[in-house]
Amino acid sequence: VGSISSQFGGLKISLSRYPKISPLRDSSPSRPCLQPVARRTCPFTGKKPNKANRVSHSNHKTTRRQFVNLQYKRIWWEAGKRYVKLRLSTKAIKTIEKNGLDAVAKKAGIDLSKK
């Protein structure tokens, strides 16, 4: 069980470096639980991609996705006295300019001190 050699490039993989995972300890506290990350969604407004049809001249429909207009934006956070870099939709940027970052984050349930 010391090592395995690959037939494709002569790579040698040592199994002693990798942690041994036993099937009996699935819920051990030492292993971090992986949370699914929602990609291409705005954390403030909850906007996410929409499924739509691309329609050709012959009326043939193929599915496509309409993505949210996400922008990386550095916004001054008054309560924390620092800039916070966020990935927001353009609708969320407009809402933050109108209502303020603290109000929008509180309504969305986002803790800005962790960002």
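Residues numbered from 1 in each chain as written. Predicted model: local features only at pLDDT ≥ 70, side-chain atom pairs only at ≥ 80, totals over all residues. Heavy atoms only, no water.

Further remarks concern the overall build of the protein. Across its full length, the protein carries 2 helices and 6 strands. Helices (α) and strands (β) of the protein occur, in sequence order from the N terminus, as β-β-β-β-β-β-α-α. Across the 115 residues that make up the protein, the buried fraction comes to 18%. Nonlocal contacts in the protein, meaning residues at least 24 apart in sequence, comprise 30% of its contacts between residues at least 6 apart. Surface accessibility of the protein: about 10,100 Å² in total, with carbon and sulfur atoms responsible for 52%. (Helix = DSSP H or I, 4+ residues; strand = E, 2+ residues; numbered from the N terminus. Buried < 20%, exposed > 50% of the residue type's maximum accessible area, 1.4 Å probe, protein only. Contact = heavy atoms within 4.5 Å. Areas by Shrake-Rupley, 256 points an atom, 1.4 Å probe, with all protein chains shown as cover.)

As enumerated under the stated definition, the model contains 1 salt bridge in all. Where K81 meets E78, a salt bridge forms, and the shortest distance between an N and an O atom there is 3.1 Å. You can call K81 exposed: its relative accessible area is 56%. (Salt bridge = Lys/Arg side-chain N within 4 Å of Asp/Glu carboxyl O.)

All right, on to the pairing of strand β6 (residues 82-89) then. The sheet contact formed by strand β5 (residues 70-77) and β6 spans 8 bridges and is antiparallel. Paired with I75 across the two strands is V84, which belongs to β6. Between β5 and β6, which follow one another and run antiparallel, lie 4 residues, and K81 among them has a positive phi close to 55°. (Pairing = 2+ DSSP bridges.)

Membership of the largest hydrophobic core comes to 17 residues, with the highest contact counts inside it found for F44, I75, L86, L88, I96, L101 and L112. Elements with a minimum of two residues in this core: β5, β6, α1 (90-99) and α2 (101-108). Ignoring any residue separated from it by four or fewer positions in sequence, one finds I75 in contact with R82, Y83, V84, L86, L88, I96 and L101. (Core = buried A, V, L, I, M, F, W, Y, C linked by side-chain atoms within 4.5 Å.)

Now for the environment of L70. Structurally, L70 can be placed in strand β5. Between the C-alpha atom of L70 and that of C42, which follows or precedes it by 28 residues, the distance is 7.1 Å. Setting aside chain neighbours within four positions, we find L70 in contact with R40, T41, C42, R87, L88 and S89.

Further remarks concern the side chain of S89. When you line up the elements, S89 lands in strand β6. Judged by its relative accessible area of 2%, S89 is buried. A distance of 3.5 Å separates the side chain of S89 from the side chain of T45, its partner in a polar contact. Leaving out residues up to four positions away in the same chain, S89 has contacts with C42, T45, K47, V68, N69 and L70. (Polar contact = N/O pair within 3.5 Å; in protein donor to acceptor, adjacent residues only side chain to side chain.)

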